[in-house]
Amino acid sequence: MTRSLLHNKWFTVPVLWLFAIFAWQIGAWIYGPEIIPGPVATWKGAQELLEDGSLVKYIGVSFYRVFLGWALGSLLAIPLGLIIGKVTAIRVFAEPFLNFIRFIPPIAFITLFLVWFGIGEQSKIALIMYATLFIVMMNTLTGVLSVEEDKIRSARSMGASEWQILVHVVIPATTPYIFTGIRLAMGTSYMAIIGAEMIAANEGVGFLIWNSRLFFRTDWIFVGLISLGLMGFLTDRLVGWIGRKALYRYGVISSAPIRR
């Protein structure tokens, strides 16, 4: 009976959350609300930010930046990944460069992007595009290279053109890899935008977290952190649901393990 309860997610998930909240409250009792605000103090801080409308506004601004940069980066990365993976001559020159630059974290480019694009929205969206581009591109490239050669030969033997092979063989086989890259890029996009908003912004969740230190409002910082977690969780679930509904025929499932 006990073992069956432990394997039941409807039992274990609430228990884990209750344990986390209890541990959080214990930390607040030990270190004080100025260092670790408890759940009640954090909720009161959230109510303050909700009453003046700033929390909803900051969440909306951050989500807009993440979504736009992530969508544009994905739309650019997918065809580039397909081309690089399909054309050997391009891949020979592009792959070493991709493997070099993808290890430079997006946050390292914040200063340069501010110089190049200014302190407005362009620099932040460009940073999200960079954070998305190489993750989706490398996953797409991996998917193209993983297509079985026998499938391509079979399509050619039946008279399929290279375009038909790409559309009917390569892209369907690569779709799970593309989807995985898109989900990974969403998480990286949130990390990148928070860094950008902390350095050069007067709106957004990152600005809220960074600006709260001036007032020593650790409860607002916790509100910002929890907001980020909820934003990431909900968007990942939404993307997973869309993938399960629209791309299930290509082997995409929302609970698939994320490859790095």
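Residues numbered from 1 in each chain as written. Predicted model: local features only at pLDDT ≥ 70, side-chain atom pairs only at ≥ 80, totals over all residues. Heavy atoms only, no water.

Draft legend 1. Layout of the nonpolar core. By size, the foremost hydrophobic cluster in this structure holds 36 residues, and its most contacted members are Trp 70 and Leu 127. The set of elements that each furnish at least two residues to this core consists of helix 4 (54-86), helix 5 (88-101), helix 6 (110-117), helix 7 (121-145), helix 9 (162-199), helix 10 (205-211) and helix 11 (218-246). Ranked by residues supplied to this core, first place goes to helix 7 with 11 residues. (Core = buried A, V, L, I, M, F, W, Y, C linked by side-chain atoms within 4.5 Å. Buried < 20%, exposed > 50% of the residue type's maximum accessible area, 1.4 Å probe, protein only. Helix = DSSP H or I, 4+ residues; strand = E, 2+ residues; numbered from the N terminus.)

Draft legend 2. Structural context of a nonpolar patch on the surface. A cluster of nonpolar residues, Phe 22, Trp 29, Ile 30, Tyr 31, Ile 35 and Phe 216, forms a patch on the protein surface that exposes about 780 Å² of accessible area. If you trace the backbone, Ile 35 turns up in the loop between helix 2 (9-31) and helix 3 (39-51). (Patch = residues over 30% accessible without salt bridge, like charges linked within 9 Å, V, L, I, M, F, W, Y side chains within 5 Å. Areas by Shrake-Rupley, 256 points an atom, 1.4 Å probe, with all protein chains shown as cover. Salt bridge = Lys/Arg side-chain N within 4 Å of Asp/Glu carboxyl O.)

Draft legend 3. Region of interest: the packing of helix 7 against helix 9. Close contact between helix 7 and helix 9 brings their axes to 7 Å; oriented N to C, the two are set at 155 degrees. Judged by the angle between their axes, helix 7 and helix 9 are roughly antiparallel. Remark: the crossing between helix 7 and helix 9 carries right-handed chirality. Taken together, the residues that form the contact of helix 7 with helix 9 break down as 15 nonpolar, 10 polar and 1 charged. (Axes fitted to C-alpha atoms, helices over the stretch in contact; angles between N-to-C directions. Parallel < 35°, antiparallel > 145°, perpendicular 65-115°, else oblique. Left-handed = near helix turned anticlockwise from the far one by under 90°. Nonpolar A, V, L, I, M, F, W, Y, C, P; charged D, E, K, R; others polar.)

Draft legend 4. Region of the structure containing the pattern of salt bridges. Using the criterion set out here, one finds 5 salt bridges in the structure. With a closest N to O distance of 2.8 Å, Arg 65 and Glu 197 form a salt bridge. Residue Arg 65 is located in helix 4, and its partner Glu 197 is located in helix 9; the two are separated by 132 residues in the primary sequence. By relative accessible area, which is 2% here, Arg 65 ends up buried. Here Glu 197 falls in the buried class, since its relative accessible area comes to 0%. Among the salt bridges present, the one from Asp 236 reaches Arg 183, with a minimum N-O distance of 2.9 Å. With Asp 236 in helix 11 and Arg 183 in helix 9, the pair connects residues that are 53 residues apart, well separated along the chain. By relative accessible area, which is 23% here, Asp 236 ends up partly exposed. Arg 183 gets classed as buried once you look at its relative accessible area, which sits at 12%. Via salt bridges that share partners, Glu 48, Arg 217 and Asp 219 belong to a single interconnected network.

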